[in-house]
Amino acid sequence: MFSSNDTPAEEFVLADRLGAIINLDDITHIDFLEKTIGKIPETISCRYNPGGLFKISNSIMDNPGDAKYGMTTEQLFEAFRTLKAKGAKEFGIHAFLASNTVTNEYYPTLAKVLFEVAVRLKEETGVHIRFINLSGGIGIPYKPDQEPNDIKVIGEGVRKVYEEILVPAGMGDVAIYTELGRFMLGPYGHLVTRAIHEKHTHKEYIGVDACAANLMRPAIYGAYHHITVMGKEDAPCGHMYDITGSLCENNDKFAVDRMLPQIDIGDLLVIHDTGAHGFSMGYNYNGRLRSAEVLLKEDGSAELIRRAETPMDYFASFDSFPVYEELKKAVDDAAGAVGEEV
Ligand SMILES: Cc1ncc(COP(=O)(O)O)c(C=O)c1O
């Protein structure tokens, strides 16, 4: 399944060559795709955005009306008619209307919206809907006192609306897809970083050797990631710290005013729940480098599966770099000169 937006032509070409189901984000992409790959695939999907606010009971879960993704209801119907006329035979619907929902009600509520529109699409356009992709959005408890989602209750909720809406409409053959990222991966990755500086000014700071380039959620939207200090898991949290990275941006803080055990230089801090948005969304802002990745295996052993970037990786994409050799020597010398204890 290739879900994208503002899609470059070469990505549609590659998705088609790989045999992916293409999920169109916009009605104008029908012509763009046809021109790019020379056909409309027999199986095709469209991304739906009904607009407005996404509510469960009285609480607002998210604001699809403000999201750049997906087609309006009118566009979805028109897109299905156009695609059918151009030869598409099997259809899918996709929607992602709320993010990081920590409630068992999101998926069943979303399913109801999509199942109802699917029945109307089938009746009004005569297409065969092969699947409905409920996408992501099932969240995780980032804070230790939050109640986690119960995936079995969620599945049961979806089954109930499936039987209430799709089965009576003769659509009991529709497959249900998911593409859960955070729920499946988030809790199973950690960013492990070392305290390298402490600073006592108007606040108490601990500077670590990771930064927002390794995990951007706290910097860009103030997200909470739980932090523990290795070997001090049971120590009292009697100190208030800001935990900072080295970017030249004041929002480069993994935690603000966080109560933690006393942190000493050299301590390893574990930043939790970074499986979904850590390395995979890492970048080179400020010329910072990506970290190594270590796989923790079931038997407790660890394997280095990706080395840390070096400054020479950062310069490697220059086609021509006059002082490359000199720079490489300087970088190697500097690496060699850093003492073991540092
Ligand atoms: C199209 C699409 N599908 C699935 C996901 C995964 O979402 P989540 O991590 O909420 O499960 C994303 C995340 O941004 C997405 O953009």
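Every value quoted in this text rests on a predicted model; they were computed, and no experiment measured them.

**Q** Looking at this model, I keep getting lost on the overall build of the protein chain. Mind explaining?
**A** When its secondary structure is counted, the protein chain shows nine helices and 16 strands. Referenced to the eigenvectors of the C-alpha coordinate spread, the extents of the protein chain come out at roughly 70 × 55 × 40 Å. Residues classed as buried in the protein chain amount to 38% of the 342 residues present. The long-range share in the protein chain, meaning contacts at least 24 apart out of those at least 6 apart in sequence, stands at 65%. Accessible surface computed for the protein chain: about 18800 Å², of which carbon and sulfur atoms make up 52%. For the protein chain, the separation between the mean place of its 33 positive charges and that of its 51 negative charges on side chains is 5 Å.

**Q** What is the right way to read the side chain of Thr125 from this model?
**A** In this structure, Thr125 sits in helix H4 (residues 106-125). Relative accessible area serves as the criterion here: at 8%, Thr125 is assigned to the buried category. Here the side chain of Thr125 touches Leu121 through a polar contact of 2.6 Å, landing on its backbone oxygen. In this structure Thr125 touches Phe77, Phe80, Arg81, Lys84 and Arg120, once residues within four positions along its chain are discounted.

**Q** Which parts of the structure should I look at to understand the site of the ligand?
**A** In the region of the ligand, the neighbouring residues are Ser3, Arg47, Phe96, Ser135, Gly136, Gly137, Glu179, Leu180, Gly181 and Arg182. The backbone of Gly137 places a nitrogen or oxygen atom 2.8 Å from an oxygen atom of the ligand. Within the side chain of Glu179, one N or O atom sits 2.8 Å away from a nitrogen atom of the ligand. Taking 400 Å² as the accessible area of the ligand by itself, protein coverage stands at 72%. Grouping the amino acids of the shell around the ligand by side-chain chemistry returns two nonpolar, five polar and three charged.

**Q** Would you explain the domain arrangement of the protein chain in this entry?
**A** Structurally, the protein chain comprises domain 1 (2-185) and domain 2 (189-309). Relative to domain 2, the C-alpha centre of domain 1 lies at a distance of 35 Å. Every contact between the two is made by eight residues of domain 1 and, on the other side, nine residues of domain 2. Considering only the surface of domain 1 that becomes buried against domain 2, Tyr142, Arg182 and Leu185 emerge as the three largest contributors, covering 66% of it. Here domain 1 is connected to domain 2 by zero salt bridges.

**Q** How should the packing of helix H1 (residues 9-17) against helix H2 (residues 29-37) be read in this particular structure?
**A** Two numbers describe a pair of packed helices, the interaxial angle and the distance between the axes. Running from N to C, H1 and H2 point in directions that differ by 70 degrees, and their axes come no closer than 9 Å. As summarised for this structure, H1 and H2 are arranged roughly perpendicular, according to the angle between their axes. You can see that H1 and H2 cross each other, and the crossing is right-handed. In contact with Ala9, Phe12, Val13 and Asp16 of H1, H2 contributes His29, Phe32, Leu33, Thr36 and Ile37. Looking at the contact of H1 with H2 residue by residue, the classes come out as six nonpolar, two polar and one charged.

**Q** Would you explain the side chain of Thr193 in this entry?
**A** Note on placement: Thr193 falls in strand S9 (residues 191-200). Residue class for Thr193 comes out buried when judged on its relative accessible area of 1%. Looking at Thr193, its side chain comes within polar contact range of the main-chain nitrogen of Ala210, at 3.0 Å. Non-local contacts of Thr193, meaning those with residues more than four positions away in its chain, are made with Val208, Asp209, Ala210, Asp267, Leu268, Leu269 and Ile271.

**Q** Explanation requested: the sheet that holds strand S11 (residues 227-229) in the structure shown.
**A** Two pairing modes exist for strands in a sheet, parallel and antiparallel, and in both the strands are linked by backbone hydrogen bonds. With respect to topology, six strands assemble into an open sheet ordered S11-S14-S9-S10-S12-S13, the strand pairing being mixed. Two strands close off the open sheet at either side, each with one partner strand: S11 and strand S13 (253-260). Within the sheet, the average angular offset between the axes of one strand and its neighbour, ignoring direction, is 35 degrees. When S9 meets strand S14 (residues 268-271), the two strands line up antiparallel, connected through four bridges. Along S14, the bridge assignment pairs Arg194 with Leu268.

**Q** Could you clarify how one ought to interpret the pattern of salt bridges in this entry?
**A** When their charged atoms lie close together, side chains carrying opposite charge are able to pair. One pass over the structure, following the stated rule, counts 18 salt bridges. Note that Arg159 and Glu163 form a salt bridge whose closest N and O atoms lie 2.8 Å from each other. Remark: Glu163 and Arg159 occur in helix H5 (residues 151-166); sequence separation between them is four residues, near one turn of the helix. Accessibility expressed as a relative area gives 43% for Glu163, which makes it partly exposed. For Lys203, the salt bridge identified is with Asp242, shortest N-O distance 3.1 Å. Here the residue Lys203 occupies a position in the loop between S9 and strand S10 (204-208), and Asp242 occupies one in strand S12 (residues 239-244), the gap between them amounting to 39 residues. For Asp242, a relative accessible area of 0% translates into the label buried. The network of salt bridges with common partners includes Lys203, Asp242, Lys253 and Asp257.

So, how was this worked out
- Residues numbered from 1 in each chain as written.
- Predicted model: local features only at pLDDT ≥ 70, side-chain atom pairs only at ≥ 80, totals over all residues.
- Heavy atoms only, no water.
- Helix = DSSP H or I, 4+ residues; strand = E, 2+ residues; numbered from the N terminus.
- Buried < 20%, exposed > 50% of the residue type's maximum accessible area, 1.4 Å probe, protein only.
- Contact = heavy atoms within 4.5 Å.
- Areas by Shrake-Rupley, 256 points an atom, 1.4 Å probe, with all protein chains shown as cover.
- Lys, Arg positive; Asp, Glu negative; His and termini not counted.
- Charge placed at Lys NZ, Arg CZ, Asp CG, Glu CD.
- Polar contact = N/O pair within 3.5 Å; in protein donor to acceptor, adjacent residues only side chain to side chain.
- Near = heavy atom within 4 Å.
- Nonpolar A, V, L, I, M, F, W, Y, C, P; charged D, E, K, R; others polar.
- Domains from an automatic or database assignment.
- Buried area = accessible area lost by both parts, 1.4 Å probe.
- Salt bridge = Lys/Arg side-chain N within 4 Å of Asp/Glu carboxyl O.
- Axes fitted to C-alpha atoms, helices over the stretch in contact; angles between N-to-C directions.
- Parallel < 35°, antiparallel > 145°, perpendicular 65-115°, else oblique.
- Left-handed = near helix turned anticlockwise from the far one by under 90°.
- Pairing = 2+ DSSP bridges.

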